[in-house]
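Residue-level structural notes
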Amino acid sequence: MTAPGTRAQTPAEDTDDLDVEEALALVREGPRENRDDGADDGTGRPPGPPPQPSGERPAERHRAVPWPRARETAARAARTQGPKGTGGARRVPVSVPLADALGLVLAAALDALTDLPSFDTSAMDGWAVAGPGPWQVRDEGVLAGHAQPEPLTDGEAVRIATGARIPADTTAVLRTEHGRIDAQGRLHTTREMLHGQDIRPRGQECRIGDQLLPVGTLVTPAVLGLAAAAGYDTVTVVPRPRAEVLVLGDELLTEGLPHDGLIRDALGPMLPSWLRALGAEVIAVRRIGDDAQALRKAVTGSKADLIITMGGTAAGPVDHVHPILERIGAELLVDGVKVRPGHPMLLARTKDHQHLVGLPGNPLAAVSGLLTLAEPLLRTLAARPAPEPYRLPLREAVQGHPYDTRLIPVVLRGDHAVPLHYNGPAMLRGIAAADGLAVVPPGGARQGEEAEVLDLPWAAAGIGVCFT
């Protein structure tokens with residue numbers, strides 16, 4: 001794993017006094033030496049193909065799959081049967097308090113437990129009146145939360161608050177601003193009044209037994225409010241997928257400045273929050289280092305639905321992920337993806353109802369792996385609906401890889417996506433300023449050409465923004 005690529009900030013680049021657009025301009029422009037490897041050689045020409053061993057075509061170098069197929073495989077993996085023929089993603093629903101249900105999916109329909117409203121109620125502050133005016137006003141008023149008031153007789157009125165029970169034989173509610181009291185204490189209306197005006201009748205919104213929301217509904221704040229109004233204390237939902245994060249690498253520091261060949265761990269602090277934003281419950285974050293035996297023990301002993309490893313997915317002397325998966329008999333579903341950054345990511349089924357996503361160690365490459373493999377799998381496990389894909393024109397041309405998809409951090413400005421630089425595999429500076437990732441096909445994209453955009457969980461302003 002390598003540290004995010006940064007360089008010392010010069011006085012000319014001090015952003016303390018810049019506005020947002022000026023600061024983003026620096027991120028968009030970036031120094032040439034920090035741009036993505038192979039994406040731009042400084043000449044403005046598209047990069048040539050990477051050097052190949054004699055007689056070997058690019059497609060023969062690895063078993064990597066195209067990026068769209070990798071995402072489909074990840075989503076399908078959570079639905080299909082495990083290697084022993086047991087069920088796939090059928091997960092036992094749970095009953096949770098309303099306070100814990102945000103972001104989950106209903107596993108049972110939300111049926112009305114009562115009429116809503118459950119009694120005739122006043123829609124406004126004013127007077128409940130009976131018959132034609134003027135009306136003689138009672139001394140006592142009617143407040144919300146109190147027992148059924150005494151019936152009214154024709155020519156009688158009573159002060160009433162919003163939400164209070166309507167007295168029997170009430171003709172209408174006269175709003176405070178539409179009534180006046182004369183010198184004899186009688187109430188008059190200052191405008192025409194209709195029968196039933198400003199009364200919410202019992203059952204106006206629903207009757208007991210009506211289906212309010214079907215199975216599969218995402219629990220939003222409004223859904224929580226409706227459930228509470230309908231009398232629910234708990235709801236039946238699909239439980240959050242459990243995720244465990246394994247941090248690999250002896251070179252990682254958890255605090256202080258890099259020194260003596262050691263670097264700060266950027267993924268350990270980032271990935272748990274990102275996984276929570278994707279709907280997972282992170283049950284553990286464990287630091288394994290470059291220890292094959294410890295990694296094997298951690299993988300085989302995990303109770304998580306999804307294990308995330310960081311680093312160790314390539315073929316170096318301390319890259320233990322592939323050998324461990326082979327030794328434990330895991331089913332390798334994706335072994336490399338034709339995407340930059342993040343090419344050496346992988347997806348494996350380690351046991352029935354458990355998967356492992358191996359992320360590259362470079363920070364932006366790891367983000368690419370999260371959105372390519374972990375997001376579709378977690379979404380399927382949680383029974384959450386897939387986001388509607390959308391495309392936006394690019395404000396600038398983006399150099400492409402000759403054979404692979406590229407994921408480029410972008411900010412959304414009006415109806416355009418603006419590419420951000422500092423987008424090399426080891427960099428986080430671009431993604432930290434981004435609203436999403438543009439999906440750039442092999443060969444690149446011209447200025448004004450539309451590209452698919454993957455929203456980041458928090459940039460979409462959705463209920464997925466949950467970091468606790």
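Residues numbered from 1 in each chain as written. Predicted model: local features only at pLDDT ≥ 70, side-chain atom pairs only at ≥ 80, totals over all residues. Heavy atoms only, no water.

Using the following cut-off: UniProt positions are given in the numbering used here, feature names are shortened, and annotations may be inferred rather than shown by experiment.
Where an unreviewed UniProt entry is consulted, the protein appears under the name Molybdopterin molybdenumtransferase, with the organism given as Streptomyces rameus. Within the UniProt record for the protein, the comment given under Sequence similarities (unreviewed entry) is "Belongs to the MoeA family." Recorded in UniProt under Pathway (unreviewed entry), the annotation for the protein is "Cofactor biosynthesis; molybdopterin biosynthesis."

**Focus on the overall build of the protein**
Applied cut-off: Put simply, DSSP marks the helices as runs of H or I at least four residues long and the strands as runs of E at least two long, and each gets a number from the N terminus on. For each residue, the accessible area found with a 1.4 Å probe, counting protein chains only, is set against the maximum for its type, and the residue is called buried under 20%, exposed over 50%, and partly exposed in between. Any two residues whose heavy atoms approach within 4.5 Å at even a single point are treated as in contact. To be clear on the numbers: accessible area is Shrake-Rupley with a 1.4 Å probe, and residue cover counts the displayed protein chains and nothing else.
The number of helices and strands found in the protein is 8 helices and 28 strands. Counting only residues that meet the buried cut, the protein has 47% of its 468 residues in that class. A sequence separation of at least 24 residues applies to 71% of the contacts in the protein between residues at least 6 apart. Accessible surface for the protein amounts to roughly 22600 Å². Of this, 52% is attributable to carbon and sulfur atoms.

**A closer look at the nonpolar core**
Rule in force here: Within this scheme, the nonpolar core is defined by two criteria: the residues are buried Ala, Val, Leu, Ile, Met, Phe, Trp, Tyr or Cys, and they are joined through side-chain atoms within 4.5 Å. These domain limits were set by an automatic method or by a database of domain assignments.
Judged by nonpolar contacts, the single largest core of 48 residues is most densely connected at W274, L275, I308 and I431. With 10 residues, helix α7 (residues 363-381) is the largest single contributor of residues to this core. For this core, the domains that each give at least three residues are domain 1 (4-37 + 388-466) and domain 2 (67-81 + 239-381). Sequence-distant contacts of I308, defined by excluding residues within four places in its chain, comprise E244, V245, L246, L271, L275, V357, L359 and A374. Membership of the second largest hydrophobic core comes to 18 residues, among which are V96, A230, Y232 and V235.

**Digging into unusual backbone geometry**
At the junction of G133 and P134, the peptide bond is cis and its omega measures out at -5° in the coordinates. Topologically, P134 is positioned in the loop between β6 (126-129) and β7 (135-137). Between R340 and the following residue, P341, the backbone shows a cis peptide bond with an omega angle of -5°. With respect to the helices, strands and loops of the structure, P341 is situated in the loop between β21 (337-340) and β22 (346-351). With a phi angle near 60°, D198 is a residue other than glycine that sits in the positive phi range. With respect to the secondary-structure elements, D198 resides in the loop between β11 (186-189) and β12 (199-200).

**As for the sheet that holds strand β2 (residues 94-97)**
Note the threshold: Strands are treated as partners if at least two bridges between them are detected by DSSP.
Within the open sheet, the 3 strands sit side by side as β2-β14-β3. Their pairing is antiparallel. The open sheet is flanked by β2 and β3 (105-106), the only strands paired with a single partner. With 4 bridges joining them, β2 and strand β14 (residues 234-238) adopt antiparallel strand pairing. Of the residues in β14, the one forming a bridge with V96 is V235.

**Concerning helix α3 (residues 221-229)**
Along an α-helix, residues three or four apart share an orientation, since each turn contains 3.6 residues. Worth spelling out the cut-off: What the arc measures is the spread of directions leading from the helix axis to the C-beta atoms.
Taken together, the buried positions of α3 are V223, L224 and A227. Projected down its long axis, α3 carries its buried residues within an arc of 100°, all on one side. Turned more than 90 degrees off the buried face of α3, the exposed positions are P221 and A222. Buried residues belonging to α3 abut β4 (110-111), β13 (211-213) and β14. Where α3 ends, the next residue or the one after it, G231, has phi of about 100°, a positive value.

**Re the packing of helix α2 (residues 67-77) against α7**
Using the following cut-off: Inter-axis angles, ranging from 0 to 180 degrees, are taken between N-to-C directions of lines fitted to C-alpha atoms, where helices are fitted over the stretch in contact. By definition in this entry, angles of less than 35 degrees are roughly parallel, angles greater than 145 are roughly antiparallel, angles of 65 to 115 are roughly perpendicular, and the rest are oblique. Whether a crossing is left-handed or right-handed is set by the direction in which the near helix is turned from the far one by less than a right angle, anticlockwise for left-handed and clockwise for right-handed. When residue character is reported, Ala, Val, Leu, Ile, Met, Phe, Trp, Tyr, Cys and Pro are called nonpolar, Asp, Glu, Lys and Arg charged, and the others, Gly included, polar.
It is at 7 Å that the axes of α2 and α7 come closest, and there the two elements cross at 30°. Of the possible angle classes, the one that applies to α2 and α7 is roughly parallel. The interaxial crossing formed by α2 with α7 has right-handed handedness. Every residue of α7 that contacts α2 at W67, A70, R71, A74, A75 and A77 is listed here: L371, T372, L373, E375, P376, L377, R379 and T380. Of the residues that constitute the contact of α2 with α7, the class distribution is 9 nonpolar, 2 polar and 3 charged.

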